[in-house]
Amino acid sequence: MQELAERIYEVVKDYRNHDKIEITPEKILDWAEQFEDNGFVVLTELDNFISEVYVSREKAKKYVKGHIGKYIKLFGYSNVTQFLMDTEFLDLQQSHKSQPAILELLDEVLDENFSVSYRDYLTFPKKHYIYFDDILASGSTIGRHILEFLGQKDSRGKTFAEKVSLNEITLSISVFCLHQWGFSFQNFRINKTFGEKVSKKVNWYSNYDIENHAKFADQKLNIAKPVKGNNIKINSYLESLTATKYEDYAYRSRTDPAEETFFTNPDNRIKYENIITEKGIDIINKIEGVIKPNLRPLGLINPAYKIFGLGTHFFTWRNIPNNCPLVYWWQVPGHQWKPLFPVSNRG
């Protein structure tokens, strides 16, 4: 167990360092011990996939640099200065959210590689608009911002959606991680509101895709979603939910994915999924008073969805998405649950 903890630590050691949070191998072991006899299984699986799904600050900078290089090439620029003159990096989120933090990294990358700042060109006329974020899970925030952006009008009364359709401007959404299911919702939303001529011209770019759409073939299902079996605790929990939508998405078929690439093997996937789902249910059962309908053992979700949560496994140096299983981030006075990734106040 010690060796597993030390390997995991080497990957996640910069988690919220800027907030004076310090993860140690000992804290990782303390977290694992809460799973009692199953701690070894949990750490084994986490060790297997953590390098794939944890974005350190340095990795994030490499991602941002790659995004910029992609757009310079896509839009046909020979130098970064002209690209920055023509490009606006949308700043639509609150100050404590991911977007401002990523824009800080963007300025660092530009300074270190080109000795320039995008802020030097804010007043220039723009024809390219780029929206950065760390993760598209359900995508509701990104979707709302994009609809608002496309719906706004220029000084001549022309909507930005019209300008995109006429190739007068471009719109790009760049994220580190994208859920296929959430993306399908947001792409449909754009299509429904502004038409296919607009939705087809929006550029989407991601470094890591979570293939979790239950209706798509050959999905990796690089998430946690239990198989329906004889587990009374898990089955009873789902039945107790008053939600009605997407119940057929709640459980994973034992034959999906066709090839296991995220967990160490299919049997350990089942063990791990059951362990963290059960622990998540235990956490919810300790809540006194009203339980928020969007709180599920595998993470927050639309309260109308009759599923266990998204089961997201994706973490960054600055925070953990609340779509991740509760065992990773739950921290409530009186519950005595020690999170692996203490959550930053989202405001």
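Nothing here was measured: the structure is a model prediction, and the numbers come from that model.

Following both chains from N to C, one finds helix α2 (residues 25-33) and helix α3 (residues 39-53) inclined at 130°, their axes separated by 8 Å at the closest point. Taken together, α2 and α3 sit at an angle that is classed as oblique. The way α2 lies across α3 gives a crossing that is right-handed. Where α2 approaches α3, its residues Ile28, Leu29, Trp31 and Ala32 are matched on the opposing element by Gly39, Val42, Leu43 and Leu46. Tallied by class, the residues present in the contact of α2 with α3 amount to seven nonpolar, one polar and no charged.

Relative to the assigned elements, arginine 57 resides in helix α4 (residues 57-74). Given the relative accessible area of 27%, arginine 57 is considered partly exposed. The contact partners of arginine 57, leaving out residues within four places of it in the chain, are Asp14, Leu105, Glu108 and Trp317.

Turning our eyes to something else, we now look at the environment of tyrosine 15. If you trace the backbone, tyrosine 15 turns up in the loop between α1 (2-12) and α2. Counting along the chain gives 194 residues from tyrosine 15 to aspartate 209, while the straight-line C-alpha distance between them is 21 Å. When near neighbours in sequence (up to four residues on either side) are disregarded, tyrosine 15 contacts Ile21, Ile23, Tyr54, Thr316, Trp317, Arg318, Asn319, Ile320, Phe341, Pro342 and Val343.

Looking now at the pattern of salt bridges. Taken as a whole and assessed by the stated rule, the structure comprises 20 salt bridges. Residue aspartate 47 pairs with arginine 7 through a salt bridge whose shortest N-O separation is 2.8 Å. Taken together, the positions of aspartate 47 in helix α3 and arginine 7 in helix α1 put the pair 40 residues apart, joining distant regions of the chain. Note that lysine 61 is salt-bridged to glutamate 108, the shortest N-O span being 3.1 Å. Separated by 47 residues along the polypeptide, lysine 61 in helix α4 and glutamate 108 in helix α6 (residues 98-114) bring together distant segments of the chain. If you follow the salt bridges from partner to partner, you end up with Arg57, Lys61, Glu108 and Glu112 in one network.

A few words on the packing of aromatic side chains. Ring pairs (aromatic) are described by centroid distance and by the angle formed between their planes. Under the defined criterion, the tally for this structure stands at 37 aromatic pairs. Their ring planes at 90° and their centres at 5.1 Å tell us that phenylalanine 262 and phenylalanine 263 sit as a pair that is edge-to-face. Like phenylalanine 262, the residue phenylalanine 263 is buried in the burial classification. Centroid distance tyrosine 328 to phenylalanine 341: 6.4 Å. Interplanar angle 20°. Geometry classified as stacked.

This brings us to the sheet that holds strand β3 (residues 128-136). One open sheet holds the four strands; their spatial order is β2-β3-β4-β5, and the pairing between them is parallel. One side of each edge strand has no neighbouring strand; the edge strands of this open sheet are β2 (87-89) and β5 (203-210). Across this sheet, the average inter-strand angle for adjacent strands is 15°, counted without regard to direction. One ladder, built from three bridges, connects β2 with β3; its direction is parallel.

Conventions we followed
Residues numbered from 1 in each chain as written. Predicted model: local features only at pLDDT ≥ 70, side-chain atom pairs only at ≥ 80, totals over all residues. Heavy atoms only, no water. Axes fitted to C-alpha atoms, helices over the stretch in contact; angles between N-to-C directions. Helix = DSSP H or I, 4+ residues; strand = E, 2+ residues; numbered from the N terminus. Parallel < 35°, antiparallel > 145°, perpendicular 65-115°, else oblique. Left-handed = near helix turned anticlockwise from the far one by under 90°. Contact = heavy atoms within 4.5 Å. Nonpolar A, V, L, I, M, F, W, Y, C, P; charged D, E, K, R; others polar. Buried < 20%, exposed > 50% of the residue type's maximum accessible area, 1.4 Å probe, protein only. Salt bridge = Lys/Arg side-chain N within 4 Å of Asp/Glu carboxyl O. Phe/Tyr/Trp six-rings, centres within 6.5 Å; stacked < 30°, edge-to-face > 60°. Pairing = 2+ DSSP bridges.

Purely geometric stuff here, so don't read any function into it on its own.
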